[in-house]
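What the coordinates show
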Amino acid sequence: SAVISQKPSRDICQRGTSLTIQCQVDSQVTMMFWYRQQPGQSLTLIATANQGSEATYESGFVIDKFPISRPNLTFSTLTVSNMSPEDSSIYLCSVSALNEQFFGPGTRLTVL
Amino acid sequence: DAKTTQPNSMESNEEEPVHLPCNHSTISGTDYIHWYRQLPSQGPEYVIHGLTSNVNNRMASLAIAEDRKSSTLILHRATLRDAAVYYCILRGRNNAGNMLTFGGGTRLMVKP
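Remember, it's a predicted structure, so these values are computed and weren't measured experimentally. (Residues numbered from 1 in each chain as written. Chains lettered and ligands numbered in written order. Predicted model: local features only at pLDDT ≥ 70, side-chain atom pairs only at ≥ 80, totals over all residues. Heavy atoms only, no water.)

1. A short note on the side chain of Thr 4 of chain B
All names here are of chain B. As for its placement among the helices and strands, Thr 4 is situated in the segment before strand E1 (9–13). Reaching out from Thr 4, the side chain makes a polar contact with the backbone oxygen of Cys 88 at a distance of 3.0 Å. The contact partners of Thr 4, leaving out residues within four places of it in the chain, are Cys 22, Asn 23, His 24, Cys 88, Ile 89 and Leu 90. (Helix = DSSP H or I, 4+ residues; strand = E, 2+ residues; numbered from the N terminus. Polar contact = N/O pair within 3.5 Å; in protein donor to acceptor, adjacent residues only side chain to side chain. Contact = heavy atoms within 4.5 Å.)

Rendered as C-alpha cells:
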C-alpha cells in the first residue's frame, strides 16, 4: 500500500494569486497523478506527473495554469496559477501501485 | 477505457444488504472491473476488482455477469459508515498501473 499526505489540507485564496500544493508518498512510486474534484462532481484527471520530465496534461488543462514538479519518486507539487473562483475545488494527488490506485486526502481550495 | 453507467443514487437501511449495479456493455476482453468508493471529505479508496469470476474480500463481493456487460457490488450488511459515492471503473489490462478514469458514481445513503 501507499500512504499519501498533502499540504495544505485547505486554503482560502484571493483571485489572481497562486497556490502550490505538495504531495508526499511514503514509498517510491513510478506513476503519480493529480486530479481535480469540483463541488458535487466526480474526479477529473489534470495530469500525470513524470519524474525527470515534463508532466503529461489531459485535454483542457495546460502547464501555464497548472505547473507540476516531480523532483523524485516520492514527491510532487501542483501549482494553481492566477486563480479565479472557478478554480475552487478539491485537488487530489494519487499514485498507482500494482492493481490499486491510492489517493491523498485532498486539498480543499476556495478562491474568493 | 470503456464507459460505465451507474444509478446516480441509492438508499439502503442499516444492516441490510446493498446491491450496487454497473453496466459496461462496451467492455473489452482485457478490461478489469474496479470499484472504488469515496467517503465524505476523503479521497477515493479501493474496494474490489475482478475480471470474469465473482470475487470476495473483507469489504464486499463483486458479482460479474456471464457476458461481462454488467456487474454488481454487494455490501452484505450496510453500516452508516458505508455511506459514500461508489465508482465502477474499467481498467484495461494494458493500462495496469496507469490512471483511473472516473464516471459519475452512485451515491449510497444508509438509513439507521
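Read on for the rest.
2. Some remarks on the interface of chain B and chain A
Taken residue by residue, the interface counts 18 residues in chain B and 18 residues in chain A. The contact between chain B and chain A buries some 1,400 Å² in all, and 51% of this surface belongs to carbon and sulfur atoms. At the junction of chain B with chain A, the criterion picks out six residue pairs in polar contact (both at pLDDT 80 or more). Taken together, the elements giving at least two residues each to the side of chain B that touches chain A come down to strand E3 (31–38), strand E4 (45–50) and strand E8 (84–92) of chain B. Ranked by residues supplied to the side of chain B that touches chain A, first place goes to E3 of chain B with three residues. Among the residues forming the side of chain B that touches chain A, the class breakdown is seven nonpolar, 10 polar and one charged. (Buried area = accessible area lost by both parts, 1.4 Å probe. Nonpolar A, V, L, I, M, F, W, Y, C, P; charged D, E, K, R; others polar.)

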